[in-house]
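Below are the chains, spelled out letter by letter.
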Amino acid sequence: MDLVISISSGICLLLGSFICVSGSIGLLRFPDFYTRMHATSVTETSGVALILIGLMILSPDLLVFAKLVMILLLGLLIGPTTGHVLAKAAYHNGLKPKLTKSGNEQSSVPSSERGGDISKS
Amino acid sequence: MIIAATLAIFCAMILAISRAFMGPTLYDRILAVNSLGTKTVLLIALLGFVMGRPEFLDIAIVYALINFISVIAVLRYSDSNQFKENSSENEPIGKER
Amino acid sequence: MKRHSISLFCVLVAFWLLNSGHYGFLLLALGIISISFVLYLTHRMDVVDHESQPLHLTHKVFAYHLWLIKEIFHSNIDVLKHIWRGQLTITPTLKTIKISQQSDMGKVIYANSITLTPGTISVDLENDEILVHALDASSLEGLELGEMDKRISKLEQI
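Note that the coordinates shown come from a computational prediction; the quantities given were computed from them, not determined experimentally. (Residues numbered from 1 in each chain as written. Chains lettered and ligands numbered in written order. Predicted model: local features only at pLDDT ≥ 70, side-chain atom pairs only at ≥ 80, totals over all residues. Heavy atoms only, no water.)

1. Describing unusual backbone geometry
Residues and elements named next belong to chain C.
Part 1 of the argument: Of note, the phi angle at Asp-46 is positive, near 60 degrees, even though the residue is not glycine.
Part 2 of the argument: Within the secondary structure layout, Asp-46 lies in the loop between helix H2 (25-45) and helix H3 (58-85).
Part 3 of the argument: On the basis of relative accessibility, which here comes to 55%, the residue Asp-46 falls in the exposed class. (Helix = DSSP H or I, 4+ residues; strand = E, 2+ residues; numbered from the N terminus. Buried < 20%, exposed > 50% of the residue type's maximum accessible area, 1.4 Å probe, protein only.)

Shown next, in the form of structure tokens:
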């Protein structure tokens, strides 16, 4: 029984920390503000959820479990609110997203530069 | 395994704060600081389990609330002139880097 | 109005008891005092109604949450693939989509569900249109098929 608990919580913690690190790498790698926001929303939903579930499996009593559930619910409530407020403020203050040009409006960048894969869709 | 997760969160925080220093626009910095706050909540919760003191979870809850309120408070002033972006950002993808 | 006050009272009592962990007389008395103060303040602010305590959604909202968790899981995997493959595979798109919800509650649930799902962010909410930024054009097509819209409309009807 002890072994099952430690293995399942270890798997959750490992997956969660992998997702957190890759969310931060996405924050560094993506080209503009709006796409970086998608990378942080990965960390805010599944990274936080998996790490807190891993801790919930290890939790010694009911109070600790309840506090972990509270942190998870608060995070899931706060994440989309902050994201929407940030995106709305950025959009209304004139920060234009970099979009892929597709179909009738062709890209102003020649596709030989590096955008071959992007303008395909 | 908890210690490994703590170290991973620490690495993620370093990556996030480097984006906060690099960030070309103001909004990138706000986003990176918000993401850093989310990871700090996780770090406090994990450290509570590492040290065997689950009372740290109270601090984690308070930190989550402070993080939320600070972002909302900064963006409360987003009508002012310093938040305006010039339109030179409007370049198609693939031009940068 | 009465049901909503009782529900808020129960939520606050559970919050206090789970957070404090000490059940002496003094702390319970302090808890009762602060809970009644909060109830007085919320009544003065006139915010205790069906919007802050959505009791009429209770019996349907769990099925919706299960479905939403499944969606979040799938789109998480998509965004993780894009992160590791690099920025050549992403196709960022900005588009307005129609919503069919009438009440403010339904609109807010829809916009929050879009933002909570990684890969799509609701940027702006006009009267019956949401401006959505998507990391990948295919996830926006999935949104336009209207699966989420239908489920929220079903949730709204009492």
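Let us keep going from here.
2. Description of the packing of aromatic side chains
Part 1 of the argument: Counted under the stated rule, the structure contains four aromatic pairs over all chains.
Part 2 of the argument: Among the aromatic residues, those joined into a ring-pair cluster are Phe-33 and Tyr-34 of chain A together with Tyr-27 of chain B. (Phe/Tyr/Trp six-rings, centres within 6.5 Å; stacked < 30°, edge-to-face > 60°.)

3. Here's the deal with the packing of helix H1 (residues 2-29) of chain A against H3 of chain C
Part 1 of the argument: Here H1 of chain A crosses H3 of chain C at 55 degrees, and the two axes come no closer than 9 Å. Relative to H3 of chain C, H1 of chain A is oriented oblique. Seen along the crossing, H1 of chain A lies across H3 of chain C with a hand that is left-handed. Residue-level contacts link Phe-18, Ile-19, Ser-22, Gly-23, Ile-25, Gly-26 and Arg-29 of chain A of H1 of chain A to Leu-80, Ile-83, Trp-84 and Arg-85 of chain C of H3 of chain C.
Part 2 of the argument: Residue composition of the contact of H1 of chain A with H3 of chain C, by class: six nonpolar, three polar and two charged. (Axes fitted to C-alpha atoms, helices over the stretch in contact; angles between N-to-C directions. Parallel < 35°, antiparallel > 145°, perpendicular 65-115°, else oblique. Left-handed = near helix turned anticlockwise from the far one by under 90°. Contact = heavy atoms within 4.5 Å. Nonpolar A, V, L, I, M, F, W, Y, C, P; charged D, E, K, R; others polar.)

4. What to know about the interface of chain C and chain A
Part 1 of the argument: With 36 residues of chain C in contact, the opposing surface of chain A contributes 38 residues.
Part 2 of the argument: Between chain C and chain A, a total of about 3300 Å² is buried, with carbon and sulfur atoms accounting for 70% of that surface.
Part 3 of the argument: Notably, a salt bridge pairs Lys-88 of chain A with Asp-124 of chain C, separated by 4.0 Å at the nearest N-O pair.
Part 4 of the argument: Among the elements that line the side of chain C that touches chain A, the one with the most residues is H3 of chain C, at eight residues.
Part 5 of the argument: Partitioned by chemical class, the residues of the side of chain C that touches chain A number 20 nonpolar, 14 polar and two charged. (Buried area = accessible area lost by both parts, 1.4 Å probe. Salt bridge = Lys/Arg side-chain N within 4 Å of Asp/Glu carboxyl O.)

5. As for the pairing of strand S3 (residues 129-134) of chain C
All names here are of chain C.
Part 1 of the argument: With respect to burial, S3 is a largely interior element, five of its six residues being buried.
Part 2 of the argument: For strand S1 (residues 93-98) and S3, the ladder comprises six bridges, and the chain directions are antiparallel. Within S3, the residue paired with Leu-94 across the bridge is His-133.
Part 3 of the argument: Looking at chain direction, strand S2 (residues 120-125) and S3 are connected through five bridges and run antiparallel. Note on S3: the bridge partner recorded for Ser-122 is Val-132.
Part 4 of the argument: Where S2 folds back onto S3 in an antiparallel hairpin, the turn is made up of three residues. (Pairing = 2+ DSSP bridges.)

6. Description of the interface of chain B and chain A
Part 1 of the argument: Listed as interface residues are 51 residues of chain B and, on the opposing side, 51 residues of chain A.
Part 2 of the argument: Both sides of the chain B and chain A interface together cover about 4600 Å² of buried area, and 75% of this is carbon and sulfur.
Part 3 of the argument: Applying the counting rule to chain B against chain A returns two salt bridges.
Part 4 of the argument: Notably, a salt bridge pairs Asp-28 of chain B with Arg-36 of chain A, separated by 2.5 Å at the nearest N-O pair.
Part 5 of the argument: In this assembly, chain B and chain A are joined by seven residue pairs in polar contact (both at pLDDT 80 or more). (Polar contact = N/O pair within 3.5 Å; in protein donor to acceptor, adjacent residues only side chain to side chain.)

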